[in-house]
Amino acid sequence: MVLALTVCGLVVVLVAVGLFVFGLRRRLIQRSGGTFDCSLRWNTPEKGDTSGKGWGYGIARYNGDRIEWFRVFSYAPRPRRILERSAIEVAGRRAPEGEEELALLSDAIVLACLHRGTRLELAMSEDALTGFLAWLEAAPPGQRVNVA
C-alpha cells in the first residue's frame, strides 16, 4: 500500500513538473515580445492537401529579419524552424477546408508560402496575418519581397 501511494505521488509530481516546464518555456519564448500562435505544415504538396495531417501547433516569434517557430508541445529551447524574411514568398491564402478545420484553431487563415524552394503553409489568426504581411512588406530597402 505504501509503495502504491509513493508511486502515485511520484507520478503526480512528475506530471506537475512537466506542466510547469511547458509553461516556463512558453513564458521564456514570449518574454522578448513579438510572438503569435501559428500552426505550420512543412514541405506541402503542390496541390492543396486538406486532410489535416502534418500540421504542428506552435508559437512564432519575430527576431529581426527572421521568424523563429517553436513547437508548443516540446521541451526544446531552440526553434524548430527559422524563416528568413528575404526568402519567404507568399503564394496565396485561404480558409481551412475539410479536416483542416479540426486540426487548426477556429479563426485560422492558411497562408501558402515558399521558403528557399520548400512549400509550406502557415495558419494564424487574421490579426497575426495582418502583422505578418506588414512585417514582410517592411523589409529594408534593396530586399526582394514577394507577397501575393
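Residues numbered from 1 in each chain as written. Predicted model: local features only at pLDDT ≥ 70, side-chain atom pairs only at ≥ 80, totals over all residues. Heavy atoms only, no water.

Asker: Could you give an account of the sheet that holds strand β3 (residues 66-71), naming the residues involved and the relevant values?
Answerer: In spatial order, the strands read β4-β3-β2-β1-β7-β6-β5; together these seven strands make up an open sheet with antiparallel pairing. Strands with a single pairing partner mark the edges of an open sheet, and in this sheet they are β4 (81-84) and β5 (88-94). Along the sheet, successive strands turn relative to each other by an average axial angle of 35°, direction set aside. Bridge analysis of strand β6 (residues 109-115) against strand β7 (residues 118-124) gives seven bridges, and the strand direction is antiparallel. Paired with histidine 115 across the strands is threonine 118, a residue of β7. On top of the sheet, helix α1 (residues 2-30) reaches β1 (35-42), β2 (56-63) and β3; it is set at about 30° to β2, its chief contact. (Pairing = 2+ DSSP bridges. Helix = DSSP H or I, 4+ residues; strand = E, 2+ residues; numbered from the N terminus. Axes fitted to C-alpha atoms, helices over the stretch in contact; angles between N-to-C directions. Contact = heavy atoms within 4.5 Å.)

Asker: Could you give me a rundown of the domain arrangement of the chain, with the residues and numbers involved?
Answerer: According to the domain assignment, the chain contains domain 1 (1-31) and domain 2 (34-137). One C-alpha centre belongs to domain 1, the other to domain 2, and the line joining them spans 30 Å. The interface is formed by eight residues belonging to domain 1 together with 11 residues belonging to domain 2. Interface area, domain 1 with domain 2, both sides summed: about 910 Å², of which 56% is carbon and sulfur. (Domains from an automatic or database assignment. Buried area = accessible area lost by both parts, 1.4 Å probe.)

Asker: For the pairing of β6, give the residues involved together with the corresponding values.
Answerer: Of all the seven residues making up β6, five are buried; the element is thus mostly covered by neighbouring parts of the structure. The antiparallel pairing of β6 with β7 creates a hairpin that spans two residues between the two strands, and arginine 116 there sits at a positive phi of about 55°. (Buried < 20%, exposed > 50% of the residue type's maximum accessible area, 1.4 Å probe, protein only.)

Asker: How would you sum up α1? Please name residues and give values.
Answerer: Relative to the 42 Å expected for 29 residues at 1.5 Å per residue, α1 spans 42 Å between its end C-alpha atoms, a close match to the ideal helical length. Regarding α1, the residues found buried are Gly18, Arg25 and Ile29. The inward-facing, buried residues of α1 abut β1, β2 and β3. (Expected span 1.5 Å × (residues − 1).)

Asker: Any details on the environment of serine 125? Residues and values, ideally.
Answerer: Looking at where serine 125 falls in the secondary structure, it is placed in the loop between β7 and α3 (126-137). Residue class for serine 125 comes out partly exposed when judged on its relative accessible area of 22%. For serine 125 and phenylalanine 36, which are 89 residues apart along the polypeptide, the C-alpha to C-alpha distance reads 8.8 Å.

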